[in-house]
Amino acid sequence: MDSTDYILETLRKDITEHNLQIRAIIQDINACAGPLTELHGLNSAGRSKISALRKFIDKFGDIAKERKNPVFLKDVVSYREQLASTMDAFKKANIKSMLAIEKGTKEELMKPKNEETALRQRQKRDKENLVKMSSNITEQLLSISRQLADTTKRSADTLDTLVTSSDSVIGTQEELKVTSSTISQSGKLLAKYGRREFTDKILMFFAFVFFVACVFYIVQKRLF
(Lines give C-alpha, C1' and ligand atoms only; values in the text may rest on other atoms or scores of the structure.)
Protein backbone atom coordinates (compact mmCIF):
# COMPACT_ATOMS: atom_id res chain seq x y z
CA MET A 1 0.00 0.00 0.00
CA ASP A 2 1.54 3.36 -1.06
CA SER A 3 1.23 6.61 0.93
CA THR A 4 -1.81 7.86 -1.02
CA ASP A 5 -3.72 4.62 -0.47
CA TYR A 6 -2.90 4.84 3.24
CA ILE A 7 -4.22 8.42 3.38
CA LEU A 8 -7.44 7.39 1.62
CA GLU A 9 -7.95 4.48 4.00
CA THR A 10 -7.40 6.78 7.00
CA LEU A 11 -9.86 9.31 5.60
CA ARG A 12 -12.48 6.57 5.14
CA LYS A 13 -12.12 5.62 8.80
CA ASP A 14 -12.34 9.27 9.92
CA ILE A 15 -15.45 9.86 7.81
CA THR A 16 -17.18 6.76 9.19
CA GLU A 17 -16.22 7.63 12.78
CA HIS A 18 -17.46 11.22 12.54
CA ASN A 19 -20.71 10.12 10.88
CA LEU A 20 -21.43 7.84 13.84
CA GLN A 21 -20.55 10.56 16.37
CA ILE A 22 -22.82 13.10 14.67
CA ARG A 23 -25.71 10.63 14.61
CA ALA A 24 -25.27 10.11 18.36
CA ILE A 25 -25.34 13.89 18.92
CA ILE A 26 -28.50 14.19 16.79
CA GLN A 27 -30.18 11.56 18.99
CA ASP A 28 -29.17 13.53 22.10
CA ILE A 29 -30.57 16.73 20.60
CA ASN A 30 -33.87 15.02 19.77
CA ALA A 31 -34.11 13.87 23.39
CA CYS A 32 -33.10 17.24 24.85
CA ALA A 33 -35.95 18.96 26.72
CA GLY A 34 -33.80 21.66 28.28
CA PRO A 35 -32.23 23.63 29.61
CA LEU A 36 -31.13 25.82 26.71
CA THR A 37 -27.50 25.64 27.78
CA GLU A 38 -27.54 21.88 27.21
CA LEU A 39 -29.02 22.33 23.72
CA HIS A 40 -26.43 24.99 22.96
CA GLY A 41 -23.62 22.63 24.04
CA LEU A 42 -24.95 19.77 21.89
CA ASN A 43 -25.42 22.11 18.95
CA SER A 44 -21.86 23.42 19.27
CA ALA A 45 -20.43 19.88 19.44
CA GLY A 46 -22.48 18.80 16.42
CA ARG A 47 -21.38 21.76 14.30
CA SER A 48 -17.74 21.08 15.20
CA LYS A 49 -18.06 17.43 14.11
CA ILE A 50 -19.85 18.41 10.88
CA SER A 51 -17.09 20.90 10.04
CA ALA A 52 -14.41 18.24 10.58
CA LEU A 53 -16.38 15.70 8.53
CA ARG A 54 -16.66 18.16 5.64
CA LYS A 55 -12.89 18.69 5.65
CA PHE A 56 -12.26 14.94 5.52
CA ILE A 57 -14.66 14.55 2.58
CA ASP A 58 -13.14 17.51 0.74
CA LYS A 59 -9.63 16.06 1.16
CA PHE A 60 -10.85 12.65 -0.05
CA GLY A 61 -12.50 14.38 -3.03
CA ASP A 62 -9.31 16.26 -3.96
CA ILE A 63 -7.31 13.01 -4.06
CA ALA A 64 -10.08 11.27 -6.05
CA LYS A 65 -10.05 14.08 -8.65
CA GLU A 66 -6.26 13.91 -8.93
CA ARG A 67 -6.40 10.17 -9.57
CA LYS A 68 -9.50 10.44 -11.79
CA ASN A 69 -10.62 7.10 -10.37
CA PRO A 70 -14.37 6.48 -11.05
CA VAL A 71 -14.71 4.30 -7.94
CA PHE A 72 -13.25 6.98 -5.65
CA LEU A 73 -15.36 9.68 -7.31
CA LYS A 74 -18.51 7.62 -6.68
CA ASP A 75 -17.47 7.35 -3.02
CA VAL A 76 -17.14 11.14 -2.86
CA VAL A 77 -20.67 11.60 -4.23
CA SER A 78 -21.98 9.09 -1.68
CA TYR A 79 -20.13 10.81 1.19
CA ARG A 80 -21.48 14.22 0.20
CA GLU A 81 -25.03 12.88 -0.03
CA GLN A 82 -24.66 11.36 3.45
CA LEU A 83 -23.31 14.69 4.74
CA ALA A 84 -26.27 16.58 3.27
CA SER A 85 -28.70 14.11 4.86
CA THR A 86 -26.90 14.34 8.21
CA MET A 87 -26.94 18.15 8.17
CA ASP A 88 -30.65 18.15 7.36
CA ALA A 89 -31.34 15.77 10.28
CA PHE A 90 -29.18 17.94 12.55
CA LYS A 91 -31.13 21.06 11.63
CA LYS A 92 -34.49 19.35 12.16
CA ALA A 93 -33.38 17.99 15.55
CA ASN A 94 -32.37 21.49 16.69
CA ILE A 95 -35.70 22.94 15.61
CA LYS A 96 -37.61 20.17 17.35
CA SER A 97 -35.70 20.58 20.61
CA MET A 98 -35.94 24.37 20.53
CA LEU A 99 -39.70 24.23 20.04
CA ALA A 100 -40.03 21.73 22.92
CA ILE A 101 -38.03 24.00 25.24
CA GLU A 102 -40.02 27.04 24.13
CA LYS A 103 -43.27 25.19 24.81
CA GLY A 104 -42.09 24.22 28.29
CA THR A 105 -41.13 27.81 29.06
CA LYS A 106 -44.51 29.09 27.91
CA GLU A 107 -46.25 26.57 30.15
CA GLU A 108 -44.17 27.82 33.05
CA LEU A 109 -45.20 31.39 32.26
CA MET A 110 -48.90 30.44 32.19
CA LYS A 111 -48.94 29.20 35.80
CA PRO A 112 -51.20 31.00 38.34
CA LYS A 113 -50.11 34.46 39.47
CA ASN A 114 -49.91 33.41 43.12
CA GLU A 115 -46.58 31.67 42.46
CA GLU A 116 -43.65 32.86 44.50
CA THR A 117 -41.70 35.91 43.39
CA ALA A 118 -38.58 33.83 42.90
CA LEU A 119 -40.41 31.63 40.42
CA ARG A 120 -41.58 34.66 38.42
CA GLN A 121 -38.07 36.01 38.32
CA ARG A 122 -36.73 32.67 37.19
CA GLN A 123 -39.38 32.52 34.49
CA LYS A 124 -38.40 35.98 33.34
CA ARG A 125 -34.76 34.97 33.13
CA ASP A 126 -35.70 31.80 31.28
CA LYS A 127 -37.74 33.80 28.80
CA GLU A 128 -34.86 36.20 28.18
CA ASN A 129 -32.47 33.29 27.79
CA LEU A 130 -34.91 31.59 25.43
CA VAL A 131 -35.06 34.67 23.20
CA LYS A 132 -31.29 34.97 23.23
CA MET A 133 -30.68 31.28 22.58
CA SER A 134 -33.39 31.18 19.90
CA SER A 135 -31.59 33.97 18.10
CA ASN A 136 -28.26 32.13 18.34
CA ILE A 137 -29.75 28.83 17.19
CA THR A 138 -31.51 30.58 14.30
CA GLU A 139 -28.18 32.00 13.16
CA GLN A 140 -26.60 28.56 13.45
CA LEU A 141 -29.43 26.94 11.51
CA LEU A 142 -29.05 29.53 8.75
CA SER A 143 -25.34 28.71 8.66
CA ILE A 144 -26.15 24.99 8.40
CA SER A 145 -28.57 25.71 5.55
CA ARG A 146 -25.86 27.59 3.67
CA GLN A 147 -23.41 24.76 4.27
CA LEU A 148 -26.02 22.28 3.08
CA ALA A 149 -26.44 24.22 -0.16
CA ASP A 150 -22.65 24.32 -0.59
CA THR A 151 -22.42 20.55 0.01
CA THR A 152 -25.12 19.92 -2.59
CA LYS A 153 -23.22 22.04 -5.12
CA ARG A 154 -19.98 20.17 -4.39
CA SER A 155 -21.79 16.87 -4.90
CA ALA A 156 -23.06 18.08 -8.27
CA ASP A 157 -19.52 19.14 -9.31
CA THR A 158 -18.11 15.77 -8.25
CA LEU A 159 -20.86 13.98 -10.16
CA ASP A 160 -19.98 15.99 -13.29
CA THR A 161 -16.35 14.95 -12.88
CA LEU A 162 -17.43 11.34 -12.48
CA VAL A 163 -19.53 11.53 -15.66
CA THR A 164 -16.59 13.04 -17.56
CA SER A 165 -14.25 10.31 -16.30
CA SER A 166 -16.76 7.63 -17.22
CA ASP A 167 -17.09 9.08 -20.73
CA SER A 168 -13.30 9.02 -21.09
CA VAL A 169 -13.17 5.39 -19.98
CA ILE A 170 -15.94 4.45 -22.42
CA GLY A 171 -14.13 6.30 -25.23
CA THR A 172 -10.89 4.48 -24.44
CA GLN A 173 -12.72 1.14 -24.46
CA GLU A 174 -14.21 1.92 -27.88
CA GLU A 175 -10.76 2.84 -29.23
CA LEU A 176 -9.33 -0.40 -27.86
CA LYS A 177 -12.12 -2.36 -29.55
CA VAL A 178 -11.37 -0.68 -32.89
CA THR A 179 -7.64 -1.28 -32.45
CA SER A 180 -8.27 -4.93 -31.54
CA SER A 181 -10.45 -5.38 -34.63
CA THR A 182 -7.75 -3.82 -36.84
CA ILE A 183 -5.06 -6.08 -35.35
CA SER A 184 -7.28 -9.12 -35.89
CA GLN A 185 -7.85 -8.23 -39.56
CA SER A 186 -4.13 -7.59 -40.05
CA GLY A 187 -3.37 -11.00 -38.56
CA LYS A 188 -5.77 -12.67 -40.96
CA LEU A 189 -4.18 -10.88 -43.95
CA LEU A 190 -0.68 -11.87 -42.82
CA ALA A 191 -1.78 -15.49 -42.46
CA LYS A 192 -3.34 -15.37 -45.94
CA TYR A 193 -0.18 -13.91 -47.48
CA GLY A 194 1.90 -16.49 -45.60
CA ARG A 195 -0.09 -19.36 -47.15
CA ARG A 196 0.19 -17.78 -50.59
CA GLU A 197 3.97 -17.42 -50.19
CA PHE A 198 4.24 -21.09 -49.23
CA THR A 199 2.16 -22.09 -52.29
CA ASP A 200 4.37 -19.94 -54.54
CA LYS A 201 7.48 -21.67 -53.19
CA ILE A 202 5.98 -25.12 -53.92
CA LEU A 203 5.11 -24.08 -57.48
CA MET A 204 8.60 -22.68 -58.03
CA PHE A 205 10.12 -25.93 -56.74
CA PHE A 206 8.06 -28.06 -59.13
CA ALA A 207 8.89 -25.67 -62.00
CA PHE A 208 12.57 -26.00 -61.21
CA VAL A 209 12.26 -29.80 -61.09
CA PHE A 210 10.46 -29.76 -64.41
CA PHE A 211 13.14 -27.52 -65.93
CA VAL A 212 15.93 -29.81 -64.71
CA ALA A 213 14.09 -32.85 -66.10
CA CYS A 214 13.71 -31.13 -69.49
CA VAL A 215 17.40 -30.22 -69.58
CA PHE A 216 18.37 -33.73 -68.61
CA TYR A 217 16.10 -35.18 -71.28
CA ILE A 218 17.52 -32.91 -74.01
CA VAL A 219 21.11 -33.65 -73.02
CA GLN A 220 20.36 -37.36 -72.97
CA LYS A 221 18.86 -37.26 -76.50
CA ARG A 222 21.85 -35.44 -77.94
CA LEU A 223 24.39 -37.70 -76.32
CA PHE A 224 22.70 -40.93 -77.17
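Residues numbered from 1 in each chain as written. Predicted model: local features only at pLDDT ≥ 70, side-chain atom pairs only at ≥ 80, totals over all residues. Heavy atoms only, no water.

Per an unreviewed UniProt entry, the protein chain goes by the name Vesicle transport protein SEC20 and belongs to Asbolus verrucosus. Its UniProt record, at the heading Subcellular location (unreviewed entry), says of the protein chain: "Endoplasmic reticulum membrane". (UniProt positions renumbered as here; feature names shortened; annotations may be inferred.)

Helices and strands together make up the secondary structure of the protein chain, namely 4 helices and 0 strands. In the protein chain, the succession of α and β elements from N to C terminus is α-α-α-α. Summarising the internal contacts of the protein chain: among those between residues at least 6 apart in sequence, 79% fall at separations of at least 24. Here the protein chain has roughly 15,500 Å² of accessible surface; of this, 59% comes from carbon and sulfur atoms. (Helix = DSSP H or I, 4+ residues; strand = E, 2+ residues; numbered from the N terminus. Contact = heavy atoms within 4.5 Å. Areas by Shrake-Rupley, 256 points an atom, 1.4 Å probe, with all protein chains shown as cover.)

The next subject is the UniProt feature "transmembrane region" (unreviewed entry) in the protein chain. According to UniProt, the positions carrying the feature "transmembrane region" (unreviewed entry) are residues 202-219. Between the first and last C-alpha atoms of residues 202-219 the distance is 26 Å; the span itself is 100% helix and 0% strand.

Take the pattern of salt bridges next. The full count for this structure, using the stated rule, is 4 salt bridges. The partner of aspartate 5 in a salt bridge is arginine 67, with the nearest N and O atoms 3.0 Å apart. Taken as a pair, aspartate 5 in helix H1 (residues 3-31) and arginine 67 in helix H2 (residues 36-67) lie far apart in primary sequence, 62 residues in all. Residue arginine 67 is classed as partly exposed on the basis of its relative accessible area of 35%. Residue aspartate 88 is joined to lysine 92 by a salt bridge in which the shortest nitrogen-to-oxygen separation is 3.3 Å. A residue pair is termed a helical-turn pair when its members lie 3 or 4 positions apart in one helix, as aspartate 88 and lysine 92 do in helix H3 (residues 70-109) at 4 residues. With relative accessibility at 51%, the residue lysine 92 sits in the exposed group. (Salt bridge = Lys/Arg side-chain N within 4 Å of Asp/Glu carboxyl O. Buried < 20%, exposed > 50% of the residue type's maximum accessible area, 1.4 Å probe, protein only.)

On to the confidence of the model for the protein chain, then. Looking at the protein chain as a whole, the pLDDT averages 78, with 71% of positions reaching at least 70. Here helix H4 (residues 117-223) is the element of the protein chain with the lowest mean pLDDT, 69, and H1 is the one with the highest, 91. (pLDDT = per-residue confidence, 0-100.)

For the rest of this paragraph, the subject is a nonpolar patch on the surface. On the surface, a nonpolar cluster with roughly 980 Å² of combined accessible area is contributed by Phe198, Ile202, Phe205, Phe206, Phe208, Val209, Phe211, Val212, Val215 and Val219. When you line up the elements, phenylalanine 205 lands in helix H4. (Patch = residues over 30% accessible without salt bridge, like charges linked within 9 Å, V, L, I, M, F, W, Y side chains within 5 Å.)

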